Amino acid sequence: IRSALDSASARAIDCYNFRHSDQNGKKSPVPRLCYEKPYTAEEGASKFERIDYITILGQRGELLTRMHKQIESKSPDKKFLFGSYAISSPHLLHLPKKFLLNVFKRRNVQGWHMKFTIHSVQLEAKFYSATFKDPITKELFRSGLGSKALVDRHPRMKSGAPLHLAEARIEDGKVYYRTKKLAEHAAAARAIDCYIFRELKENASMIGVDTEKLKLCHEEPYESESERDAQQVDYKALMAKRDGYVKKKHSAVGRPRHRKRKRFATVD
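Now for a quick tour of the structure. Computed from a predicted structure; not experimentally measured.

Secondary structure assignment for the protein yields eight helices and five strands. Reading the secondary structure of the protein in the N-to-C direction produces α-α-α-α-β-β-β-β-β-α-α-α-α. Among the 268 residues that make up the protein, the fraction classed as buried is 37%. Long-range pairs, those at least 24 residues apart, make up 65% of the contacts in the protein between residues at least 6 apart in sequence. Carbon and sulfur atoms make up 52% of the accessible area of the protein, which amounts to about 17900 Å² in all.

In structure tokens form, the structure reads like this:
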């Protein structure tokens, strides 16, 4: 009923504007609200008898189709899942920032760029933590404590020191790294863990996926920022576990005296 009343009001407004502009000899600056042409009081109801509604409905349908296509082209494609991309391109999990960038691009998120906020703390040296801001929901993800990604690297991939081996510190419940780039990758990694965790609950296509293999941080993923703030993360235990792995890794590799030290390329 409300739509019918609104339509009748729109038709009346078109006719009033048309008659007012016709009397003054000027075209009304107010845009028309209906497809039908307005009419004078003298023409009255006889005007309805000459309206070709079949043609009008066809024009209206074409316009609605174009509008829907424009909206879809600008709307994020939520069908492109983080988990699906992690399965099809697992090597990119070693470059969390690039992984995030690719997913949001494929989701057709318009007018955005990777945005991180950097925080620093002075300990025995300067350490950095980062926060990633979701371009759609504006949710914030802090740097996580990097764990080893259980997926293979691409043979041609060049990156800096792996996140799970990078020097890290915990200060006031936040994770800090020696460089800003590592901190940014760690924030992206935390976001990826949470995105995949949420998709597992919402999408049937993710059933059966071994998310532990795709997990990038030691902390458990969460549903929302409030749940994150309520989490009790035992960073002392996590750091002990992580440091034990790092020491084991270094002792297994060893450091030959005359061996040339491998240099890693920098990753944006």
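This part takes up the pattern of salt bridges. Tallying each qualifying case throughout the model produces eight salt bridges. Close ionic contact of Glu-184 with Lys-97 constitutes a salt bridge, the shortest N to O distance being 2.7 Å. In this pair, Glu-184 sits in helix α5 (residues 180–202) while Lys-97 sits in helix α4 (residues 96–106), placing the two residues 87 residues apart along the sequence. For Glu-184, a relative accessible area of 14% gives the class buried. In this structure, Glu-124 engages Arg-169 in a salt bridge whose closest nitrogen and oxygen atoms are separated by 2.5 Å. Residue Glu-124 is found in the loop between β1 (116–122) and β2 (126–133), and its partner Arg-169 is found in strand β4 (residues 168–171); the two are separated by 45 residues along the sequence.

With that out of the way, let us pick up the nonpolar core. Core analysis: the biggest nonpolar cluster contains 44 residues, and Phe-99, Leu-100, Phe-132 and Tyr-177 have the highest contact counts within it. Of all the secondary structure elements, the ones that give two or more residues to this core are α3 (82–88), α4, β2, β5 (174–177), α5 and α8 (235–253). A per-element tally of this core places α5 first, with eleven residues. Contacts of Phe-132, omitting those with residues within four sequence positions, involve Leu-100, Phe-104, Met-114, Lys-115, Phe-116, Glu-139, Leu-140, Phe-141, Ala-187, Ala-191 and Tyr-195.

So, on to the packing of aromatic side chains. Counted by the stated rule, this structure contains nine aromatic pairs. Between the aromatic rings of Tyr-85 and Phe-99, the centroid separation amounts to 5.1 Å while the plane-to-plane angle is 45°, which identifies the pairing as tilted. With Tyr-85 in helix α3 and Phe-99 in helix α4, this residue pair connects regions lying 14 residues apart in the sequence. Since its relative accessible area comes to 4%, Tyr-85 is described here as buried. Among the aromatic side chains, those forming a connected cluster through ring pairs are Phe-82, Phe-104, Phe-116, Phe-132, Phe-141, Tyr-195 and Tyr-222. Positioned over the ring face of Phe-127 is Arg-178, at 5.3 Å from the centre of the ring.

A few words on the pairing of β1. Two elements, β1 and β2, share seven bridges in a ladder whose sense is antiparallel. In the sheet register, Ile-118 faces β2, and the bridge partner there is Ala-130. Linking β1 to β2, which pair antiparallel, is a turn of three residues.

With that out of the way, let us pick up the packing of α4 against α5. One can describe the packing of α4 onto α5 by two numbers: an axis separation of 7 Å at closest approach and a directional angle of 50°. By the angle between their axes, α4 is oblique relative to α5. Between α4 and α5 the crossing geometry is left-handed. Between α4, through Pro-96, Lys-97, Phe-99, Leu-100 and Phe-104, and α5, the contact on the second element is made entirely by Glu-184, His-185, Ala-188, Ala-189, Ala-191, Ile-192 and Tyr-195. Broken down by class, the residue content of the contact of α4 with α5 amounts to nine nonpolar, one polar and two charged.

On to unusual backbone geometry. The phi dihedral of Lys-138 is positive, around 70°, even though this residue is not glycine. Here Lys-138 lies in the loop between β2 and β3 (140–142). Judged by relative accessible area, Lys-138 falls into the partly exposed class, the value being 47%. Located in the positive-phi region is Asp-172, a residue other than glycine, with phi close to 55°. Tracing the backbone shows Asp-172 in the loop between β4 and β5.

Thresholds applied
Residues numbered from 1 in each chain as written. Predicted model: local features only at pLDDT ≥ 70, side-chain atom pairs only at ≥ 80, totals over all residues. Heavy atoms only, no water. Helix = DSSP H or I, 4+ residues; strand = E, 2+ residues; numbered from the N terminus. Buried < 20%, exposed > 50% of the residue type's maximum accessible area, 1.4 Å probe, protein only. Contact = heavy atoms within 4.5 Å. Areas by Shrake-Rupley, 256 points an atom, 1.4 Å probe, with all protein chains shown as cover. Salt bridge = Lys/Arg side-chain N within 4 Å of Asp/Glu carboxyl O. Core = buried A, V, L, I, M, F, W, Y, C linked by side-chain atoms within 4.5 Å. Phe/Tyr/Trp six-rings, centres within 6.5 Å; stacked < 30°, edge-to-face > 60°. Lys NZ or Arg CZ within 6 Å of the ring centre and 35° of its normal. Pairing = 2+ DSSP bridges. Axes fitted to C-alpha atoms, helices over the stretch in contact; angles between N-to-C directions. Parallel < 35°, antiparallel > 145°, perpendicular 65-115°, else oblique. Left-handed = near helix turned anticlockwise from the far one by under 90°. Nonpolar A, V, L, I, M, F, W, Y, C, P; charged D, E, K, R; others polar.

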